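Chain by chain, the residues run as shown.
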4 protein chains.
Amino acid sequence: MTQPARTKQDVVAEFRQSEIIDAARRVIARDGPQKASMERIAEEANISKGTLYLYFDSKGALVREATERGHAEMAAYVNAAMSDAGSAIGTINAYVRSTLAFCDEHEMLFRAMNTYPDSDGDVTSNAVARYVDGYIERLQQVVQQGVDAGDLRPVNARRFARLLVEAVRGIVIERLREKAPLPVNEDAEAIVAILLDGVRA
Amino acid sequence: MTQPARTKQDVVAEFRQSEIIDAARRVIARDGPQKASMERIAEEANISKGTLYLYFDSKGALVREATERGHAEMAAYVNAAMSDAGSAIGTINAYVRSTLAFCDEHEMLFRAMNTYPDSDGDVTSNAVARYVDGYIERLQQVVQQGVDAGDLRPVNARRFARLLVEAVRGIVIERLREKAPLPVNEDAEAIVAILLDGVRA
Amino acid sequence: MTQPARTKQDVVAEFRQSEIIDAARRVIARDGPQKASMERIAEEANISKGTLYLYFDSKGALVREATERGHAEMAAYVNAAMSDAGSAIGTINAYVRSTLAFCDEHEMLFRAMNTYPDSDGDVTSNAVARYVDGYIERLQQVVQQGVDAGDLRPVNARRFARLLVEAVRGIVIERLREKAPLPVNEDAEAIVAILLDGVRA
Amino acid sequence: MTQPARTKQDVVAEFRQSEIIDAARRVIARDGPQKASMERIAEEANISKGTLYLYFDSKGALVREATERGHAEMAAYVNAAMSDAGSAIGTINAYVRSTLAFCDEHEMLFRAMNTYPDSDGDVTSNAVARYVDGYIERLQQVVQQGVDAGDLRPVNARRFARLLVEAVRGIVIERLREKAPLPVNEDAEAIVAILLDGVRA
DNA sequence: CATGAATGAGCCTTCATTCAT
DNA sequence: TATGAATGAAGGCTCATTCAT
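Residues numbered from 1 in each chain as written. Chains lettered and ligands numbered in written order. Predicted model: local features only at pLDDT ≥ 70, side-chain atom pairs only at ≥ 80, totals over all residues. Heavy atoms only, no water.

## Quick look at the interface of chain A and chain B
Put simply, an interface is often sized by how much accessible area is lost when its parts join up.
Line of reasoning, step 1. Taken together, the 40 residues of chain A in the interface contact 40 residues of chain B.
Line of reasoning, step 2. Regarding the contact of chain A and chain B, the summed buried area is about 4400 Å², with carbon and sulfur atoms giving 57% of it.
Line of reasoning, step 3. Together, Arg162, Val199 and Arg200 of chain A form the three largest contributors to the area buried by chain A at its contact with chain B, with a combined 17%.
Line of reasoning, step 4. On inspection of chain A and its partner chain B, the count reaches 5 salt bridges.
Line of reasoning, step 5. Across the chain A-chain B interface, the total number found is 7 residue pairs in polar contact (both at pLDDT 80 or more).
Line of reasoning, step 6. Where the side of chain A that touches chain B is concerned, the elements lending two or more residues are helix H1 (3–35), helix H8 (157–177) and helix H9 (184–197) of chain A.
Line of reasoning, step 7. When residues of the side of chain A that touches chain B are assigned to their parent elements, the largest contribution, 11 residues, is made by H8 of chain A. (Contact = heavy atoms within 4.5 Å. Buried area = accessible area lost by both parts, 1.4 Å probe. Salt bridge = Lys/Arg side-chain N within 4 Å of Asp/Glu carboxyl O. Polar contact = N/O pair within 3.5 Å; in protein donor to acceptor, adjacent residues only side chain to side chain. Helix = DSSP H or I, 4+ residues; strand = E, 2+ residues; numbered from the N terminus.)

This is the structure we're talking about:
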C-alpha cells in the first residue's frame, strides 16, 4: 500500500531517464559516441548539464546505457519476429527481414551505434558484442535444427550463423549510408536467396 | 626547365608526407582516429607538431589521407590477387581469401580504419566508400561474366557483389576482434562455399 | 502571551540548528571545511539539502557556526579548568593541560578547525581569533596578577600570554599530526617547565 | 660545447617555471591552495591556462612546487642565519629572529602556506613537515650541544626544539594576522627571553 | 623549412543554491 | 516547514592549431 507513493517518484525519475537516454541516442546517432558532448545531450533533452549527472554517473555510463537500450529494443523486436516463424528457413528469413526493417525505422539511432568495433574503446562494444553473440547463438541453434530436420545441408551451423549476422550487419550499414535504399523486402529476399541457394549454377 | 628543381623538392616533400602518413597509420591503428593526437603522430614520425601542418592542413586531412593510403594498399593487393584468378568463381575466391589475408597481416592498421561508417563524421567515410564501391563494381562485372558464361546462376550481380563484400567485411571485423581467429583458409572456404552453394538441402 | 507559542517554535528550530551544526562538525572534521559538501552534511544530519538553507543562509554561515560552537565548547572546558586553579602558575598549568586534553579527546573535530588562518578566507578566522583573544586576555590578567604577587618575574604579561597560547596551539597541531603522541601530561609538563623556568643554565 | 645551446632553452624554460611558481605563490597566498584556480594563476602569470600544463602536470603538482620552493627559500635564509651564530643561545636567537624577519618580508607568500596541517590533504603538508622537521632536528642538535657545554640546563633537547619551532610558528601566524605587528626585534627578544629564562620569579 | 611554446575553445564533472511541490 | 530535483557557474584538464624564432 506504500508502493504507489514511491512509484510516483520512480515513474517520474524513470521517465526522465528515458528522456535523457533518448536525447543521448539522438545526439550519439548524429555525432558519434565520442563527439557527442554532455552539453549537446542536455540541450537535446531540454535540461541542464548538471541534471544529467543526477541520472547517470558519467558520460561513459550514459553512452553505455543508451547503446544498451537501443540494442535491447532491437533484440526484442527481432527475437519476437524470429519466434513467430516456424521452420529454420522461416526463422532465418525473419531474422534478416526484421533486422533490416528495424534498422530502417530507427536510422538515426543506429547509425553510430552499429559501428563495430567501437572507437570508444570498450565502453559500448561489450554491449554490442553481447547482443551480436545472442543472435548468433540463436541462429546457430535454428540452423542446426534445420540441418537435423533435413531442411538444410550439413553445414557448420555456427559459421553460417556468423556469416549471416555479419552479412546482414554489412547490408544494414550500407543501407544507412544510401540515400534511397531498396525496399527492405528486396534486400532481404536477395540475402536469404543467396545464402540459402548460393550462386553456383 | 624549372621542373627538375621543383621535382627535387617534391620528392623530398612526398617522402616526408609518406613518413607522416605511415606514422599516422600506426598511431590511428593503436588509438583509433579520434584518440590519435597530433602530438602522438608527430612523435611517431620523429618530427615536431608544427611540421605536420606544413604537409597537411588539419588533423582531418591527415586522417583522411592515412585511411586512403591504407585502403589503396589493400586494394592493390586484393586486385592483384583477383587478376591472377581465371574464372568468376576463382575471382570470388581470390577476393575473399586475399581480403582476409591482408587484413590479418595488417591487423593493427585496419582495426580502427575499418570502422564503418566512421565516427569522425564524413572525414574518412568517403575514402572507405570509394574503395568499397570499387570492389563491388569489379566483383559485379566478374559475377555478370560468370552468369553469362553459365558458371553462375542468373542472380542480380550487383546485389550479390554487395552481399559478398559486406559479408567479408563483417567477418574481417569479427576476426580482428577474436584473439585466435581461425586460419584464413577455413573462414574463406566457408564463406565461399555458402555463398556459392547456399545451405538449402 | 504570544511568547509561549513562539518559544515552542524556537525550541524546535534551535534543536534542528543544533543537530545540523553537530552534523556539520563531524563532516568538517573528516573532510575539512572546503571539501565538506552541503550534500554530505545534510546526509549526516538526516535531512534534505534544501532544509539546510532554512536554518543557515549559506555554507559559509554554517561552517562559521560550526566552528564557533566547537570553540565555545572548548572554551567552556578550558575556562572551567582555569577557574579551578588558584595561583597564576596553577592557572597557566591548567590552561596548557586542559587545552591539550580537550583537543586530544576531540581530535576529529579539531583537526580541520584549528587550521589557522583559515583557507576559507575570513569565514571562520574571526571566530577563531575571538576565542584566541579571549584566552590571551584571561591569561594576561592571570600573569599580571602573578607578577604583582611576586610569583612571576616582571615580564610583559600580554606578550607572554600570546607566546603561551601560540606555543600550545603549535603543540596541539603537532600532536594531531602524530600517530602516537606523547601522553598529555608529558607534553604539558614540558611546556610549562620551559615557559616557567627557561632553559638557560 | 653543446651545452650553451641547450642551456639557452633551459634558461627560458626555467625562467617561465619560476614566473609561474611566483604567480602561483601570490595567488595561493591570497586565496589559499584550494581556492587558487589555474585560471587565476594563469592570469597572474600573464599566460594562458593551457601553458600552465606545459610546465606542470597538474594543479596539485604546481601547488606542491610552489610550497616547496617557498619553504626552500626560507630554509636557505634561516639556515644561513643560524650558521653565522656561534653559541647555542646565539643559534636559537638566530632561528627566531630570521624566521620572523623572513616571514615578515614575504607576508603574502606565507600566509596560506604556513597553514598547518593543510586542508589540501597531503598535497603540501609533506613538504611543510619535511622542512619543519629539518629545523627541529638542527635545533635539537644545537640545544644538546648547549646542554653539553653547560650553557643550557639539562632539558630534553628535542622537546624544547619542538616547542621553540611551534611557538615561533604561532607567533609568525599571529603577526601575519595583525595589521601592525611589533618590530621583529621585540617579538624575537621576548620569545627568546622567555624560552631561555622562563617567567618564574 | 622546421620547431615547439603558446593559445584558447571545449570537454567532463562538481556543488552551492534555488524553487515548485 | 520540508523536500530534492534542477540549475549553472566554475574548475581542472586536453588538444588541434598558430606563429615567432
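## Regarding the pattern of salt bridges
Line of reasoning, step 1. With the rule as written, the count across this model stands at 55 salt bridges over all chains.
Line of reasoning, step 2. With its nearest N and O atoms 3.2 Å apart, the salt bridge here joins arginine 175 of chain B to aspartate 104 of chain B. Taken together, the positions of arginine 175 of chain B in helix H8 (residues 157–177) and aspartate 104 of chain B in helix H5 (residues 88–105) put the pair 71 residues apart, joining distant regions of the chain.
Line of reasoning, step 3. For glutamate 178 of chain D, the salt bridge identified is with arginine 162 of chain C, shortest N-O distance 2.8 Å. With glutamate 178 of chain D in the loop between helix H8 (157–177) and helix H9 (184–197) and arginine 162 of chain C in helix H8 (residues 157–177), this residue pair bridges two chains.

## A short note on the protein's contact with DNA strand F
Line of reasoning, step 1. As a matter of local geometry, DNA strand F sits amid 30 residues, with Arg16, Thr51 and Tyr55 of chain A, Thr51 of chain C together with Tyr53 of chain D nearest to it.
Line of reasoning, step 2. When atoms of DNA strand F within 4 Å of the protein are sorted by moiety, sugar and phosphate together comprise 64%.
Line of reasoning, step 3. At a separation of 2.4 Å, a phosphate oxygen of DNA strand F approaches a polar side-chain atom of tyrosine 55 of chain A.
Line of reasoning, step 4. The backbone of glycine 50 of chain C places a nitrogen or oxygen atom 3.2 Å from a base nitrogen of DNA strand F.
Line of reasoning, step 5. Secondary-structure elements contributing two or more residues to the surface near DNA strand F are helix H3 (49–55) of chain A, helix H3 (49–55) of chain B, helix H3 (49–55) of chain C together with helix H3 (49–55) of chain D.
Line of reasoning, step 6. By residue class, the composition of the surface near DNA strand F is 12 nonpolar, 10 polar and 8 charged. (Near = heavy atom within 4 Å. Nonpolar A, V, L, I, M, F, W, Y, C, P; charged D, E, K, R; others polar.)

## Comments concerning helix H5 (residues 88–105) of chain C
Line of reasoning, step 1. Taking 1.5 Å of rise per residue, 18 residues should cover 26 Å, and H5 of chain C covers 26 Å from first to last C-alpha, within 8% of that figure.
Line of reasoning, step 2. With 13 of 18 residues buried, H5 of chain C lies mostly within the body of the structure. (Expected span 1.5 Å × (residues − 1). Buried < 20%, exposed > 50% of the residue type's maximum accessible area, 1.4 Å probe, protein only.)

## Some remarks on the protein's contact with DNA strand E
Line of reasoning, step 1. Thr51 and Tyr55 of chain B together with Arg16, Thr51 and Tyr55 of chain D are the nearest of the 31 residues found near DNA strand E.
Line of reasoning, step 2. A share of 64% of the atoms of DNA strand E within 4 Å of the protein falls on sugar and phosphate groups.
Line of reasoning, step 3. Side-chain polar atom of lysine 49 of chain C to a base oxygen of DNA strand E: 3.3 Å apart, as the coordinates give it.
Line of reasoning, step 4. At a separation of 3.0 Å, a phosphate oxygen of DNA strand E approaches a polar side-chain atom of tyrosine 53 of chain C.

## Some words on the relation of the copies chain C and chain D
Line of reasoning, step 1. Superposition record for chain C on chain D: RMSD 0.9 Å, screw rotation 176°, translation along axis 0.0 Å. Overall, the copies show the geometry of a two-fold rotation axis. (Least-squares fit on C-alpha atoms with pLDDT ≥ 70 in both.)

## What to know about the nonpolar core
Line of reasoning, step 1. Among the nonpolar cores identified, the biggest contains 88 residues, and Tyr95, Leu152, Phe160 and Leu164 of chain A together with Tyr95, Leu152 and Leu164 of chain B are the most heavily contacted of them.
Line of reasoning, step 2. Residues contacting leucine 164 of chain B, with those up to four places away along its chain left out, are Ile92, Tyr95, Val96, Leu139 and Leu195 of chain B.
Line of reasoning, step 3. Ala94, Val96 and Val147 of chain C together with Leu100 of chain D belong to the second-largest nonpolar core, a separate cluster that totals 87 residues. (Core = buried A, V, L, I, M, F, W, Y, C linked by side-chain atoms within 4.5 Å.)

## As for the interface of chain C and chain D
Line of reasoning, step 1. Taken together, the contact between chain C and chain D spans 40 residues of the former and 40 residues of the latter.
Line of reasoning, step 2. Taking both partners together, chain C and chain D bury about 4400 Å²; carbon and sulfur atoms supply 57% of that area.
Line of reasoning, step 3. Taken as a group, Arg162, Val199 and Arg200 of chain C account for 17% of the area that chain C buries against chain D, more than any other trio of residues on that side.
Line of reasoning, step 4. Between arginine 162 of chain C and aspartate 187 of chain D there is a salt bridge, and its shortest N-O distance comes to 3.0 Å.
Line of reasoning, step 5. In this assembly, chain C and chain D are joined by 10 residue pairs in polar contact (both at pLDDT 80 or more).
Line of reasoning, step 6. Counting residues per element, the ones that place at least two in the side of chain C that touches chain D are helix H1 (3–35), H8 and helix H9 (184–197) of chain C.
Line of reasoning, step 7. When residues of the side of chain C that touches chain D are assigned to their parent elements, the largest contribution, 11 residues, is made by H8 of chain C.

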